[in-house]
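Chain by chain, the residues run as shown.
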Amino acid sequence: QVQVVESGGGLVQAGGSLRLSCTATGLTFDRYTMGWFRQAPGTEREGVSCISWGGVSTYYADSVKGRFTISRDNAKKTLLLQMDSLKPADTAVYYCAAHRFPARWGSRETDFGYWGQGTQVTVSS
């Protein structure tokens, strides 16, 4: 059974940093594209960043380019999202997800089949 769990959310001031972590078990972690998504109140869930199974390919939404860095530690079966220069617009519930199939690349929400329950990130002005 696949289980995805996020952690690291919290409250920070604008300009600050947070580091989100995600652990995915029940699948061959180093063969799955992993991604981060977020949803703010009153908005649709959007893709933030994705990383391929070997870490060679990455995707970043335009809104976070230059500020967020995605990485993975396959030995620890852990996905990370380093968030710097945070803005109030980054406030959202952040979700970690694994792709539907191994060795496949995609950045759309529908490409992902295994989801965590989310961790709240709040950025104050």
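Up top you'll find the structure we're talking about.
Participant: What's the story with the pattern of salt bridges in this structure? I'm lost.
Facilitator: When the charged atoms of two side chains with opposite charge come close together, those side chains can pair. Within this structure, the stated rule accounts for 5 salt bridges. Residues Glu46 and Arg38 are paired through a salt bridge, measuring 2.8 Å at the closest nitrogen-oxygen approach. Given the relative accessible area of 34%, Glu46 is considered partly exposed. Classification of Arg38 as buried rests on a relative accessible area of 5%. As a salt-bridge pair, Lys65 and Asp62 come within 3.0 Å of each other at their nearest N and O atoms. Just as Lys65 is exposed, Asp62 falls in that class too. A cluster of three or more residues bridged by salt bridges with shared partners is formed by Arg38, Glu46, Arg67 and Asp90.

Participant: How should the side chain of Thr33 be read in this particular structure?
Facilitator: Its place among the elements puts Thr33 in the loop between strand E3 (18-25) and strand E4 (34-39). A relative accessible area of 0% means that Thr33 is categorised as buried. Setting aside anything within four residues of it in sequence, one finds Thr33 in contact with Ile51, Ser52, Trp53, Arg72, Ala97, Ala98, His99, Arg104, Trp105, Gly106 and Phe112.

Participant: So what exactly am I meant to see when it comes to the packing of aromatic side chains here?
Facilitator: Aromatic rings considered in pairs are described by the distance between their centres and by the relative angle of their planes. Applying the stated rule across the entire model yields 2 aromatic pairs. Judged by centre distance (5.1 Å) and plane angle (75 degrees), the rings of Phe37 and Phe112 are edge-to-face. Pair noted here: Phe37 is in strand E4 and Phe112 is in strand E10 (residues 112-115), with a separation of 75 residues, a long-range link. Ring centres 4.9 Å apart and planes at 50 degrees place the aromatic pair Phe37 and Trp115 in the tilted group. Of the two residues, Phe37 sits in strand E4 while Trp115 sits in strand E10, which places them 78 residues apart along the sequence. On the accessibility criterion, Trp115 (26% relative accessible area) is partly exposed. Arg45 extends its terminal NZ or CZ atom over the ring of Tyr95, reaching a point 5.0 Å from the ring centre. One Lys or Arg, Arg45, reaches over the ring of Trp115 and ends 4.0 Å from the middle of that ring.

Participant: Help me understand unusual backbone geometry, please; the structure alone is not making it clear to me.
Facilitator: In most cases, non-glycine residues show a negative phi, while peptide bonds are predominantly trans. The phi dihedral of Ser85 falls on the positive side, at around 50 degrees, and the residue is not glycine. Among the secondary structure elements, Ser85 is positioned in the loop between strand E8 (78-83) and strand E9 (92-99). Phi is positive for Ala103, close to 55 degrees, though the residue is something other than glycine. Structurally, the position occupied by Ala103 is in the loop between E9 and E10.

Participant: Before we go on, may I ask you to explain the sheet that holds strand E1 (residues 3-7) in this structure?
Facilitator: Hydrogen bonds along the backbone pair up the strands of a sheet, which may run parallel or antiparallel. With antiparallel pairing, the 4 strands of this open sheet are ordered in space as E1-E3-E8-E7. Of all strands in the sheet, those with a lone pairing partner are E1 and strand E7 (68-73), marking the two edges. Going across the sheet, the axis of each strand differs from the next one's by a mean of 15 degrees, ignoring polarity.

Basis of the calculations
Residues numbered from 1 in each chain as written. Predicted model: local features only at pLDDT ≥ 70, side-chain atom pairs only at ≥ 80, totals over all residues. Heavy atoms only, no water. Salt bridge = Lys/Arg side-chain N within 4 Å of Asp/Glu carboxyl O. Buried < 20%, exposed > 50% of the residue type's maximum accessible area, 1.4 Å probe, protein only. Helix = DSSP H or I, 4+ residues; strand = E, 2+ residues; numbered from the N terminus. Contact = heavy atoms within 4.5 Å. Phe/Tyr/Trp six-rings, centres within 6.5 Å; stacked < 30°, edge-to-face > 60°. Lys NZ or Arg CZ within 6 Å of the ring centre and 35° of its normal. Pairing = 2+ DSSP bridges. Axes fitted to C-alpha atoms, helices over the stretch in contact; angles between N-to-C directions.

That's the geometry; what it means functionally is another story.
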